[in-house]
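An overview of the molecular structure
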Amino acid sequence: MRVARDIAALEAALAPWRAAGDCIVLVPTMGNLHEGHLSLVDRARGLGDRVVVTLFVNPMQFGPGEDFERYPRTFEEDRRLLEARGADLLFAPETAELYPRGHGRTTAVEVPELSSILCGAFRPGHFRGVATVVAKLYNLVRPQVAVFGEKDYQQLVILRRMTEDLNFPVEVVGAPTVREPDGLAMSSRNRYLTAEERARAPLLYRTLRQVVERVREGARDLAAVEAEAMAALAAAGFRPEYVSVRRADDLAPPAPGDRSLVALAAAHLGAARLIDNIPFERAPARA
Ligand code: PAF
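Figured I'd write up the structure that's included with this text. Quantities reported herein were computed from a predicted structural model and do not represent experimental measurements. Throughout, a residue's number is its position along its own chain's written sequence, starting from 1. Per-residue local features of the predicted model are confined to residues with pLDDT of at least 70, and side-chain atom pairs are confined, for both listing and counting, to 80 or more; whole-chain, interface and lining totals are unaffected and use all residues. As a rule here, side-chain values cover all heavy atoms of the structure and leave hydrogens and water aside.

Another point: the pairing of strand 5 (residues 145-149). Of all the 5 residues making up strand 5, 5 are buried; the element is thus mostly covered by neighbouring parts of the structure. Partly exposed describes any residue whose relative accessible area lies between the buried limit of under 20% and the exposed limit of over 50%, with all areas from a 1.4 Å probe on protein chains only and scaled to the type maximum. Secondary structure elements follow DSSP: runs of H or I no shorter than four residues count as helices, runs of E no shorter than two count as strands, and numbering proceeds from the N terminus. Burial along strand 5 is two-sided: the face carrying V145, V147 and G149 and the face carrying A146 and F148 are both buried. In this fold, the crossover linking strand 5 to strand 6 (residues 171-175) by way of helix 7 (residues 153-165) has right-handed handedness. Here the term right-handed applies to a crossover when the path leading from its first strand over the helix to its second strand runs clockwise, the strands being oriented away from the viewer.

Below is the structure:
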């Protein structure tokens, strides 16, 4: 596996592959890789000829007081894991390489509406940072395909919209969430949990499963189902931000006839902010 630490080295590594007409698949990450990320690499390998993984802790998507400084940085271990998993190229630039004028002064990509709901309501500017860095990575790598995890469901919807709106010739592929045996979605931020919080953390997924079950059983008052789920999380010591059932493709509040839905939640537990979601289908409404 090649490693490029700057744009010139990235260009040099990509040039022969582009010349050969290889299909390049991009897997953007912020590093501290776990099985969830590595499953994206596995998926990517089956989608093209060359897998390019990027590792960049993007300051633009962290708000003031968030965990940018303490976000785990484990470059050597990440490099080893990617090599073993068969990635072809790792692009891991310094911040100044991607934001030479500083990330606060860069031209930015704004995906309206979708970026200010759910997580966006609690993390203003977060999705602007995500959309901007992914647009830059598209321009630098020029992939035919990009793979993102469904764990960050809202991010995936936003990046699909951004790719379409800006006419990037990139096919966006979503890959399923990878879970620990007790159901907790894998996340780099799980390491912020104490042992006791870690034991409680799977309740987020269990609560979402109950929400899905209720909606599948025919519950129509989604606000009541969501409020109950929030109360259950709060009673267990979580600080929930939202539990919400939305339309799967555009995250709009579902109309009675909508069948492809997603239940999403975000909650703080100790020092960790956890997010999770379950996409699901509900039966057609009876007349
Ligand atoms: O999902 C992530 O790790 C990040 O938001 C991404 C897509 C790599 C952009 O920094």
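Within the fold, E83 resides in helix 3 (residues 75-85). Residue classification places E83 among the partly exposed positions, given a relative accessible area of 38%. Separated by 81 residues in sequence, E83 and R2 place their C-alpha atoms 8.8 Å apart. Pairs of N or O atoms within 3.5 Å make up the polar contacts considered here, provided that, within protein, one atom can donate a hydrogen while the other can accept it, and that residues adjacent in sequence are counted only when both atoms are side-chain atoms. Engagement of the side chain of E83 in a polar contact is seen with the backbone nitrogen of M1, the distance being 3.0 Å.

Nearness of a residue to a molecule or strand requires only that one of the residue's heavy atoms be within 4 Å of it. Every residue lining the ligand is accounted for by P28, T29, M30, Q61, V130, V133, D152 and Q155. In this structure, an oxygen atom belonging to the ligand sits 2.6 Å away from a side-chain N or O atom of Q61. In the complex, the protein chains occlude 88% of the 290 Å² of accessible area that the ligand would expose alone. Those elements giving two or more residues to the shell around the ligand turn out to be strand 2 (24-29) and helix 6 (126-141). Polar here means any residue outside two lists: the nonpolar Ala, Val, Leu, Ile, Met, Phe, Trp, Tyr, Cys and Pro, and the charged Asp, Glu, Lys and Arg; Gly therefore counts as polar. For the shell around the ligand, a count of residues per class yields 4 nonpolar, 3 polar and 1 charged. Note on areas: Shrake-Rupley with a 1.4 Å probe; residue coverage comes only from the protein chains shown.

Okay, the sheet that holds strand 3 (residues 50-55) next. Only when DSSP finds a minimum of two bridges between them are two strands counted as paired. On the basis of which strands lie adjacent, the open sheet formed by 6 strands has the order 1-4-3-2-5-6 and parallel pairing. The open sheet has two edge strands with one neighbour each: strand 1 (2-4) and strand 6. Put simply, the sheet's adjacent strands are angled 25 degrees from each other on average, direction ignored. Geometry is summarised by axes, namely lines fitted to C-alpha atoms with helices restricted to the contacting stretch, and by angles between N-to-C directions that run from 0 to 180 degrees.

Right, let's talk about the sheet that holds strand 9 (residues 272-281) for a bit. The 3 strands lie next to each other as 7-8-9, forming an open sheet whose pairing is antiparallel. Taken across any chain shown, the strands that pair with only one partner, and hence form the sheet edges, are strand 7 (239-247) and strand 9. Direction aside, neighbouring strands of the sheet carry axes that sit 10 degrees apart on average. With 10 bridges connecting them, strand 8 (residues 260-269) and strand 9 associate as antiparallel partners. For V262, the partnering residue across the bridge sits in strand 9 and is P279. In this fold helix 9 (residues 203-216) packs onto strand 7, strand 8 and strand 9, with an angle of close to 25 degrees to the strand it touches most, strand 9. Any pair of residues with heavy atoms lying within 4.5 Å of one another is described as a contacting pair.

Take the pattern of salt bridges next. A pairing counts as a salt bridge when a side-chain nitrogen of Lys or Arg comes within 4 Å of a carboxyl oxygen of Asp or Glu. Counting across every chain of the model gives 21 salt bridges. D276 serves as the salt-bridge partner of R179, at 2.8 Å between the closest nitrogen and oxygen. You can see R179 sitting in the loop between strand 6 and helix 8 (195-200) and its partner D276 sitting in strand 9, a full 97 residues away along the chain. What makes D276 buried here is its relative accessible area of 4%. Here D250 makes a salt bridge to R247, at a shortest N to O gap of 2.7 Å. One continuous salt-bridge network, built from bridges that share partners, spans E35, D42, R45 and R85.

Stacked, edge-to-face and tilted are the three classes for Phe, Tyr and Trp ring pairs, Trp counted by its six-membered ring, which pair at centre distances within 6.5 Å; planes under 30 degrees apart are stacked, over 60 edge-to-face, the rest tilted. Under the definition given, this model contains 5 aromatic pairs. On the basis of an interplanar angle of 75 degrees and a centroid distance of 5.8 Å, the ring pair of F62 and Y71 is categorised as edge-to-face. The exposure class assigned to F62 is buried, which follows from its relative accessible area of 11%. Between Y138 and F168, the ring centres sit 4.9 Å apart and the planes meet at 75 degrees, which makes this aromatic pair edge-to-face.

Attention now moves to unusual backbone geometry. Even without being glycine, R142 reaches a positive phi, approximately 50 degrees. Examined against the element boundaries, R142 turns out to sit in the loop between helix 6 and strand 5. Taking the relative accessible area as the measure of exposure, R142 reaches 47% and is therefore partly exposed. Even without glycine at this site, N167 takes up a positive phi of about 55 degrees. Structurally, the position occupied by N167 is in the loop between helix 7 and strand 6.

Following the sequence through the fold, S188 ends up in the loop between strand 6 and helix 8. According to the relative accessible area criterion, S188 is buried, its value standing at 6%. Reaching out from S188, the side chain makes a polar contact with the backbone oxygen of N32 at a distance of 3.2 Å. Contact partners of S188, with chain neighbours within four places excluded, come to G31, N32, H34, H37, Y71 and P72.

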